[in-house]
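So the chains spell out like this:
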Amino acid sequence: MSDAATQIKDTITANDVVLFMKGTKEMPQCGFSSRVAGVLNYMGVNYSDVNVLADEGVRQGIKDFSDWPTIPQLYVKGEFVGGCDIITEMTLSGELDTLFENNGVTYDKDAADKIREANG
């Protein structure tokens, strides 16, 4: 395994929820990363953010690791969940709530409901 792949594996193993993104959760550097971080932040999810812009090896490495061509990428309990479009769909359908509940991830259910109400 390459250094980047080892670093990625260690990160997703050590943290329940990880978002590989452009920028940070406090300062996203692209619209797609901003949308996913915004959802997680609004829902009060405790997650680790990895700024792929800070390390080219991780930026390419995460694409190879997941076999998914785009960033952001969300992992829950070591499993790849998806990118911006998938997370948006899962949020609006309630599937993200279920994923968090099934994996013991704490989140604000009222905030999740407000997202759905605002986009319904």
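Before going into details, it helps to say that this report is about the structure given with it. (Residues numbered from 1 in each chain as written. Predicted model: local features only at pLDDT ≥ 70, side-chain atom pairs only at ≥ 80, totals over all residues. Heavy atoms only, no water.)

**Notes on the overall build of the protein**
- For the protein, the helix and strand inventory stands at six helices and four strands.
- Principal axes of the C-alpha set define a box for the protein whose edges measure 45 × 30 × 25 Å.
- Taking all 120 residues of the protein together, the buried fraction comes to 41%.
- The contacts of the protein with a sequence gap of at least 6 include a subset with a gap of at least 24, amounting to 58%.
- For the protein, the accessible surface area stands at approximately 6400 Å², while carbon and sulfur atoms represent 47% of it. (Helix = DSSP H or I, 4+ residues; strand = E, 2+ residues; numbered from the N terminus. Buried < 20%, exposed > 50% of the residue type's maximum accessible area, 1.4 Å probe, protein only. Contact = heavy atoms within 4.5 Å. Areas by Shrake-Rupley, 256 points an atom, 1.4 Å probe, with all protein chains shown as cover.)

**Remarks on the nonpolar core**
- Ranked by internal contacts, the top residues of the largest apolar core, which has 22 residues, are Leu-19, Leu-40, Met-43, Val-45, Leu-74, Leu-96 and Phe-100.
- Taken together, the elements giving at least two residues each to this core come down to β1 (17–21), α2 (31–42), β3 (73–76), α4 (84–93), α5 (95–102) and α6 (109–119).
- In terms of residues, this core owes the most to one element, α2, which gives four residues.
- Apart from residues lying up to four places away in sequence, Leu-74 is in contact with Val-17, Val-18, Leu-19, Leu-40, Glu-79, Phe-80, Val-81, Gly-82, Ile-87 and Leu-96.
- Membership of the second largest hydrophobic core comes to ten residues, among which are Ile-12, Val-18, Val-50 and Tyr-75. (Core = buried A, V, L, I, M, F, W, Y, C linked by side-chain atoms within 4.5 Å.)

**Considering the packing of helix α1 (residues 3–14) against helix α3 (residues 56–66)**
- Between α1 and α3, the shortest axis-to-axis distance is 9 Å and the interhelical angle comes to 75°. By the angle class used here, α1 and α3 are roughly perpendicular. Counted together, Ala-4, Ala-5, Gln-7, Ile-8, Lys-9 and Ile-12 of α1 and Gly-57, Val-58, Gly-61, Ile-62 and Phe-65 of α3 form the full contact between these two elements. (Axes fitted to C-alpha atoms, helices over the stretch in contact; angles between N-to-C directions. Parallel < 35°, antiparallel > 145°, perpendicular 65-115°, else oblique.)

**Let's talk about the packing of aromatic side chains**
- By the definition in use, this model includes five aromatic pairs.
- On the basis of an interplanar angle of 55° and a centroid distance of 6.3 Å, the ring pair of Phe-65 and Tyr-75 is categorised as tilted. One end of the pair, Phe-65, is in helix α3; the other, Tyr-75, is in strand β3, with ten residues separating them in the sequence.
- Measuring from centroid to centroid gives 5.4 Å for Tyr-75 and Phe-80, while their planes differ by 50°, and the two rings are tilted.
- Here Tyr-75 falls in the buried class, since its relative accessible area comes to 2%.
- Residue classification places Phe-80 among the partly exposed positions, given a relative accessible area of 27%.
- Grouped by ring-pair contacts, the aromatic residues Phe-20, Phe-65, Trp-68, Tyr-75 and Phe-80 constitute a single cluster. (Phe/Tyr/Trp six-rings, centres within 6.5 Å; stacked < 30°, edge-to-face > 60°.)

**Things to note about the pairing of β1**
- Across the five residues that make up β1, a large majority, five, are buried.
- Side chains Val-17, Leu-19 and Met-21 of β1 all project onto a buried face; the interleaved residues Val-18 and Phe-20 project onto the opposite face, where all are buried too.
- The pairing of β1 with β3 spans four bridges and is antiparallel. Bridging across to β3, Leu-19 finds its partner in Leu-74.
- The pairing of β1 with strand β2 (residues 48–51) spans four bridges and is parallel. In the strand pairing of β2, Leu-19 is matched with Asp-49.
- Handedness of the β1-α2-β2 crossover: right-handed. (Pairing = 2+ DSSP bridges. Right-handed = clockwise from strand over helix to strand, strands pointing away.)

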